[in-house]
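Inside the fold
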Amino acid sequence: MIEIRNLQFQPLTFNLSGQGTLHLGPRERKSIARKDLSAEIKTAGKRGLVRITDLTGGAEPEPEKPTATDDAGTDEAKTTSKRRK
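Remember, it's a predicted structure, so these values are computed and weren't measured experimentally. (Residues numbered from 1 in each chain as written. Predicted model: local features only at pLDDT ≥ 70, side-chain atom pairs only at ≥ 80, totals over all residues. Heavy atoms only, no water.)

Peptide bonds are, in most cases, trans, and in most cases residues other than glycine have a negative phi. The phi angle at Arg-27 is positive, at roughly 60°, despite the residue not being glycine. Within the secondary structure, Arg-27 sits in the loop between strand E3 (21-24) and strand E4 (29-32). (Helix = DSSP H or I, 4+ residues; strand = E, 2+ residues; numbered from the N terminus.)

Structural data, given as structure tokens:
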């Protein structure tokens, strides 16, 4: 089983690899079968719209990448070193 969590504050709709669609409300989680995981959902995971978690204990389908807030901290450190005193 795969758990998909909507990280947005708006509803999302995805097509499944088989027939049917997946509707996720704001910040909602739903579980689907691994065979229903479509390329559209994987792309949304790479863009940071949803978080994909493997509930069966196998290998993760998508490794988590740092969020924009994590990158902002490193950028801020770079700009603070250039300030005049």
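The rest of the description comes next.
To continue, consider the nonpolar core. One finds Ile-4, Phe-14, Leu-22, Ile-32, Ile-41 and Val-50 to be the most contacted residues of the largest nonpolar core, which totals 13 residues. Counting residues per element, the ones that place at least two in this core are strand E1 (2-6), strand E2 (12-15), E3, helix H1 (39-47) and strand E5 (50-54). Apart from residues no more than four positions distant in its own chain, Ile-41 is found in contact with Ile-4, Phe-14, Asn-15, Leu-16, Leu-22, Ile-32, Asp-36, Val-50 and Ile-52. (Core = buried A, V, L, I, M, F, W, Y, C linked by side-chain atoms within 4.5 Å. Buried < 20%, exposed > 50% of the residue type's maximum accessible area, 1.4 Å probe, protein only. Contact = heavy atoms within 4.5 Å.)

By themselves, these are just geometric observations and shouldn't be taken as functional.
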